[in-house]
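# Coordinates in review
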Amino acid sequence: MKSSPRLLILIAILLSLAGCRKAEPPAMTAASASVNQSTAALSKAELGRLIFHDVSLSASGRQSCASCHDPGHAHAQPNAIAGQPGGAAMDQRGTRAVPSLRYLTFTPAFGIDDEGTPSGGFNWDGSADTLAAQAERPLLAANEMANGSRAAVVDKLRRAAYAAQFRQVYGERSLDDVDTAFLHLGDALERFQRDAPEFHPFTSKYDAWQAGKAELSAVEQRGLKLFNDEKKGNCAACHPSAKADDGRPPLFTDHTYDALGLARNRLLPVNADPAHVDLGLCKSGRPGPAADDAQCGKFKVPTLRNVATRAVFFHNGQIASLRDAVAFYVRRDTHPAEWYPKDGRGKVAKYDDLPARHHKNVNVDEVPYDRKPGQAPRLNAAEIDDLVAFLHTLTDADLVTRAAAPMPTGASVKPGP
Ligand code: HEC
Ligand code: HEC
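These numbers were taken from a predicted model, which means no experiment stands behind them.

### Section: the overall build of the protein
Helix and strand counts for the protein stand at 14 helices and six strands. Burial status across the protein gives 43% buried among its 417 residues. Considering only intrachain contacts with a sequence separation of at least 6, the fraction spanning at least 24 residues in the protein is 67%.

### So, the site of ligand 1
In the vicinity of ligand 1, 25 residues are found, and the nearest of them are Cys65, Cys68, Phe122, Trp124 and Pro138. Those elements that provide at least two residues to the shell around ligand 1 are α4 (65-68), α5 (131-134) and α6 (136-140). The leading source of residues in the shell around ligand 1 is α4, at three residues. Here the residues of the shell around ligand 1 sort into 14 nonpolar, eight polar and three charged.

### Observations regarding the site of ligand 2
The environment of ligand 2 is formed by 25 residues, the closest being Cys235, Cys238, Phe299, Phe314 and His315. With three residues, helix α13 (residues 322-331) is the largest single contributor of residues to the shell around ligand 2. When grouped by side-chain class, the residues that make up the shell around ligand 2 number 17 nonpolar, five polar and three charged.

### Describing the packing of helix α11 (residues 218-228) against helix α14 (residues 381-391)
Two elements in contact, α11 and α14, have axes separated by 7 Å at closest approach and are oriented at 100 degrees. Between α11 and α14, the angle is such that the two are roughly perpendicular. In this structure, α11 uses Val219, Glu220, Arg222, Gly223, Leu224, Leu226 and Phe227 to contact α14, whose residues at the interface are Glu383, Asp386, Leu387, Ala389 and Phe390. For the contact of α11 with α14, the residue count by class is seven nonpolar, one polar and four charged.

### Section: the confidence of the model for the protein
On average, residues of the protein score 89 in pLDDT, and 87% of them are at 70 or above. For residues 1-37, every residue scores under 50 in pLDDT, and the model assigns this stretch 41 contacts once sequence neighbours within four places are set aside. Taken together, the stretch residues 402-417 has pLDDT below 50 and engages in 28 contacts with residues farther than four places along the chain or on a different chain.

### Observations regarding the packing of helix α3 (residues 44-52) against helix α9 (residues 178-195)
Interaxial distance between α3 and α9 falls to 7 Å at its minimum, and their mutual angle equals 105 degrees. Taken together, the axes of α3 and α9 are roughly perpendicular relative to one another. Mapping the contact onto sequence places Lys44, Ala45, Leu47, Gly48, Arg49, Ile51 and Phe52 in α3 and Leu185, Asp187, Ala188, Leu189, Arg191, Phe192 and Asp195 in α9. Partitioning the contact of α3 with α9 into residue classes produces eight nonpolar, one polar and five charged.

### Details of unusual backbone geometry
Cis geometry is found at the peptide bond from valine 367 to proline 368, where omega equals 10 degrees. Here the phi dihedral of methionine 90 falls at roughly 55 degrees; this positive angle occurs in a residue that is not glycine. Within the secondary structure layout, methionine 90 lies in the loop between β1 (85-86) and β2 (92-93). Exposure remark for methionine 90: the 18 C-beta atoms within 10 Å place this residue in the partly exposed category.

### Brief notes about α14
Listed as buried for α14 are Glu383, Ile384, Asp386, Leu387, Val388, Phe390 and Leu391. Packing partners of the buried residues in α14 comprise α11 and α13.

### Concerning α3
Within α3 the residues assigned to the buried category are Leu47, Gly48, Arg49, Ile51 and Phe52. Among the structural elements, α4, α8 (163-170) and α9 are those in contact with the buried residues of α3.

### Focus on the nonpolar core
In this structure, Leu157, Leu189 and Leu387 are the most contacted members of the largest nonpolar core, which totals 70 residues. For leucine 157, the residues in contact, after removing those within four places along its chain, are Ala163, Phe166, Leu175, Ala181 and Leu185. By size, the runner-up hydrophobic cluster in this structure holds eight residues, among which are Leu279, Cys296, Phe299 and Val301.

### What to know about the environment of arginine 331
Relative to the helices and strands, arginine 331 is located in helix α13. With 46 residues separating them in the primary sequence, arginine 331 and proline 377 have C-alpha atoms 5.8 Å apart.

### Things to note about the environment of alanine 376
Positionally, alanine 376 belongs in the loop between α13 and α14. Overall, the presence of 9 C-beta atoms within 10 Å leaves alanine 376 in the exposed class. Sequence separation between alanine 376 and histidine 335 is 41 residues; the distance between their C-alpha atoms is 9.7 Å.

### Examining the environment of phenylalanine 314
Within the element layout of this structure, phenylalanine 314 appears in the loop between β6 (299-300) and α13. Linking phenylalanine 314 and tryptophan 124, residues 190 residues apart in sequence, is a C-alpha distance of 9.1 Å. Dropping the residues within four chain positions of it, phenylalanine 314 is found in contact with Ala97, Leu260, Leu262 and Ile319.

The rules we used
Residues numbered from 1 in each chain as written. Chains lettered and ligands numbered in written order. Predicted model: local features only at pLDDT ≥ 70, side-chain atom pairs only at ≥ 80, totals over all residues. Helix = DSSP H or I, 4+ residues; strand = E, 2+ residues; numbered from the N terminus. Buried ≥ 20, exposed ≤ 12 C-beta atoms within 10 Å, placed from the backbone. Contact = placed C-beta atoms within 7 Å. Near = placed C-beta within 6 Å. Nonpolar A, V, L, I, M, F, W, Y, C, P; charged D, E, K, R; others polar. Axes fitted to C-alpha atoms, helices over the stretch in contact; angles between N-to-C directions. Parallel < 35°, antiparallel > 145°, perpendicular 65-115°, else oblique. pLDDT = per-residue confidence, 0-100. Core = buried A, V, L, I, M, F, W, Y, C linked by C-beta atoms within 7 Å.

Written out as structure tokens, the structure reads:
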């Protein structure tokens, strides 16, 4: 038997009126008791945390935001599966790799500058305007949490263990109207991702080094130099590594978009259909990019913070190791057979995840991917290793499992924004 939500609200109201908020409400269900035993008012972010971890908001009853955005994996997928399982029976699959949710609070709104360069927005293609708006897709998508409608989500919210607390935070009638309740839900999830320190700890070894509180090893320093060198890695051109003018630590993304021409990921079930193509920015639903063919095949520059904790890389998860991800940049055009399959006539099918008419959008001008077959790659094998070692310094302290390396604690580093 479940106690009715109305009864719980009534109890909550009576308790708060009586001024004994700390008393445990009687008649809590086992599920609700395990989530939170008190009816003390939560902050929006704390409420958002409960929502983020609540599997009862999915049609399957087995998936929450945290299932795909695991805090122990930098709030990204905790596995190497290309396309996460989801759906009412957990038998559907996703179509893109799961990005880390860390450091997203610094993402600017989507916009196109005077030179026509798009930047900002959420998702690999920038389709969502805000963190709150973004939440709608996973909750409703048939291959994710698979609720049939906003009403179905709100219905589950009304039965959630924390429904009374939701009403305390957003108002007694906040769950009455579906659209209003859904807006509050998005707001709570956004507040959690913006306010909770776990989403932007700035506790990596690199942060400690920038604050003068840790040393980078010789290998890591060489890697950093290659990362910044405009004639070698040139990574910082899109993944900035220097502190901002206002002293804010670097985010390792400039929030722009680029077409890298990755190989098609044949492990993604959706790609069994040869007609399926993921064109990214020009199919994000935004009118500007939709009208501009040059934006097809472009995806958002992700942060490289915590990139060493990932098991799949790039929007389609096609590359399965960090070393290969770095090697791809410098060997894509010098050694294309390492990355692409051969077509029917035995010719290497470069950029095979994009229709031929969009191949011209692939960036072949900028260092490091400006080489031709026969030329030496911008980085040799040892330099790739150095660069990878440097990327490991971008892992937040809570995710570093290597006990040997001296790592800063969260308390010793406070360069936050
Ligand atoms: C089944 C796996 C799955 C679940 C469950 C899921 N997500 Fe995601 N999430 C993804 C994938 C995949 C993407 C990339 C989507 C894209 O680019 O179109 C993503 C993207 C995002 C982004 C944008 C990241 C960026 O780099 O801009 C945010 C924010 C986000 N999810 C939050 C949430 C929240 C909040 C929930 C729960 C309501 C949730 N996700 C549930 C898989 C999931
Ligand atoms: C011209 C801009 C640009 C430059 C230069 C650049 N990147 Fe990127 N980087 C991107 C974009 C865009 C993506 C996402 C592309 C996609 O998924 O389709 C990306 C993705 C990545 C990823 C995958 C991250 C993830 O979460 O899956 C890694 C790793 C990476 N870059 C490392 C590097 C390194 C190392 C260098 C230098 C050798 C570099 N990048 C240079 C634009 C750039």
